[in-house]
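# Observations on chain architecture
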Amino acid sequence: MYILHYFPDTASLIVRLVLEELGTPYEARLIDREGGALSSPAYLAMQPLGLIPVLETPQGALFETAAMLLYLAERHPGLAPAPGDDDRGAFLKWFIFTNHNIHTTLLQLFYPERTAGPGCADAVLAHAHDRMQRYLTLIDRMIADEAPAWLSPAAPSVLGYYLGVLMRWLATYGPGHPSFFRSSDFPHLNTVLAAHEARPAALNVARSEALGPTIFTNPAY
């Protein structure tokens, strides 16, 4: 059985959604973040940077959200093209694109001072906002032009859940903030995310973490 060390509405949410969708046995173990659990020797032995999440597997503990998603997709077929599948390359291309570009730029939008210091935060925000607009437009156009089965309203996928949580966070600042993006501004992506958030797995996790029923397309902020 898997053990997911989680805290509500953090990167662990992405992994928890996938675990729930797979229907494989797992334990969601709440992290005592305020109590210093992230800096404890036991946690640092699993996640040397003291970040969330950690996934304990039969093969050992994993950190890095993207690694967990790829691991689960390979161990439990159905949420991504399998190794050797004709669609595997295209899936990996856009999965890494999402991880390297969208997720990284989101962190710059949320924590601009970490990139170049507090004095450059406004410039970082402006630059990151423009790049995020471009990246999300590319994803939306790809869905429209290629209609990939691995990012579709017809079936759940690890990439769909990954993008859903990223879009959730991008909407939480509210209109007028440089970090604000609505999934409804990207209609093809929005259709995929609306289908994902309506699935029983997503609704179960949303109830458990008190996130509301439309966790991707219309999150509370």
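This write-up is about the structure you can find in this document. Computed from a predicted structure; not experimentally measured.

Now for the overall build of the chain. Secondary structure assignment for the chain yields 9 helices and 4 strands. Secondary structure elements of the chain occur, N-terminal to C-terminal, as β-α-β-α-β-β-α-α-α-α-α-α-α. Whereas a compact globule of 221 residues would reach a radius of gyration of roughly 17 Å, the chain reaches 17 Å, a difference of no more than 12%. Each principal axis of the C-alpha distribution contributes one length, and for the chain these read about 45 × 40 × 30 Å. The 221 residues of the chain split such that 48% are buried. Of the roughly 10,200 Å² of accessible surface on the chain, a fraction of 55% belongs to carbon and sulfur atoms. Charge-centre separation for the chain: the mean point of 14 positive side chains lies 1 Å from the mean point of 21 negative side chains.

Right, let's talk about the environment of Phe181 for a bit. With respect to the helices and strands, the residue Phe181 is situated in the loop between helix H7 (158-171) and helix H8 (187-197). According to the relative accessible area criterion, Phe181 is buried, its value standing at 3%. With 92 residues separating them in the primary sequence, Phe181 and Gly89 have C-alpha atoms 28 Å apart. Each residue touching Phe181, except ones within four places of it in the same chain, is listed here: Leu109, His129, Met132, Gln133, Leu136, Met167, Leu170, Ala171 and Phe186.

Here we come to the pairing of strand E1 (residues 2-6). Across the 5 residues of E1, 5 count as buried, placing the element largely inside the fold. In terms of strand pairing, E1 meets strand E2 (residues 26-30) through 5 bridges, oriented parallel. In the strand pairing of E2, His5 is matched with Arg29. This β-α-β element, E1 to helix H1 (residues 12-22) to E2, shows right-handed connectivity.

Turning next to the packing of helix H4 (residues 88-110) against helix H6 (residues 121-146). The N-to-C vectors of H4 and H6 enclose an angle of 150°; their axes lie 9 Å apart at closest approach. For the element pair H4 / H6, the angle class is roughly antiparallel. The chirality of how H4 crosses H6 is left-handed. In contact with Trp94, Phe97, Thr98, Asn101, Ile102, Thr105, Leu106, Gln108 and Leu109 of H4, H6 contributes Val124, Leu125, Ala128, His129, Arg131, Met132, Tyr135, Leu136, Leu138, Ile139 and Met142.

Centre distance and the angle of the planes are the two values used to describe a pair of aromatic rings. If you walk through the whole model with that rule in mind, you get 8 aromatic pairs. Aromatic side chains Tyr2 and Tyr71 sit 6.3 Å apart centroid to centroid with 80° between the ring planes, which places their arrangement in the edge-to-face category. You can see Tyr2 sitting in strand E1 and its partner Tyr71 sitting in helix H3 (residues 65-75), a full 69 residues away along the chain. Overall, Tyr2 belongs to the buried group, its relative accessible area being 6%. Ring geometry for Phe91 against Phe95: centres 5.6 Å apart, planes inclined by 40°, an arrangement best described as tilted. Of this pair, Phe91 and Phe95 both sit in helix H4, 4 residues apart, roughly one helical turn. Phe91 gets classed as buried once you look at its relative accessible area, which sits at 0%.

Attention shifts here to the nonpolar core. For soluble globular proteins, the rule of thumb is that nonpolar side chains tend to be buried together. Within the largest apolar cluster, 60 residues are counted, with the highest numbers of intra-cluster contacts made by Leu17, Ile102 and Val158. Elements with a minimum of two residues in this core: E1, H1, H3, H4, H6, H7, H8 and helix H9 (200-208). Sorting elements by how many residues they give to this core places H7 first, with 10 residues. When neighbours within four sequence positions are excluded, Val158 is seen to be in contact with Val18, Leu69, Ala73, Leu79, Ala80, Phe91 and Phe95. Ranked by size, the runner-up nonpolar core spans 6 residues in total, among them Ile31, Tyr43, Met46 and Val54.

Rules used in this analysis
- Residues numbered from 1 in each chain as written.
- Predicted model: local features only at pLDDT ≥ 70, side-chain atom pairs only at ≥ 80, totals over all residues.
- Heavy atoms only, no water.
- Helix = DSSP H or I, 4+ residues; strand = E, 2+ residues; numbered from the N terminus.
- Rg over C-alpha atoms; globule rule 2.2 N^0.38 Å.
- Buried < 20%, exposed > 50% of the residue type's maximum accessible area, 1.4 Å probe, protein only.
- Areas by Shrake-Rupley, 256 points an atom, 1.4 Å probe, with all protein chains shown as cover.
- Lys, Arg positive; Asp, Glu negative; His and termini not counted.
- Charge placed at Lys NZ, Arg CZ, Asp CG, Glu CD.
- Contact = heavy atoms within 4.5 Å.
- Pairing = 2+ DSSP bridges.
- Right-handed = clockwise from strand over helix to strand, strands pointing away.
- Axes fitted to C-alpha atoms, helices over the stretch in contact; angles between N-to-C directions.
- Parallel < 35°, antiparallel > 145°, perpendicular 65-115°, else oblique.
- Left-handed = near helix turned anticlockwise from the far one by under 90°.
- Phe/Tyr/Trp six-rings, centres within 6.5 Å; stacked < 30°, edge-to-face > 60°.
- Core = buried A, V, L, I, M, F, W, Y, C linked by side-chain atoms within 4.5 Å.

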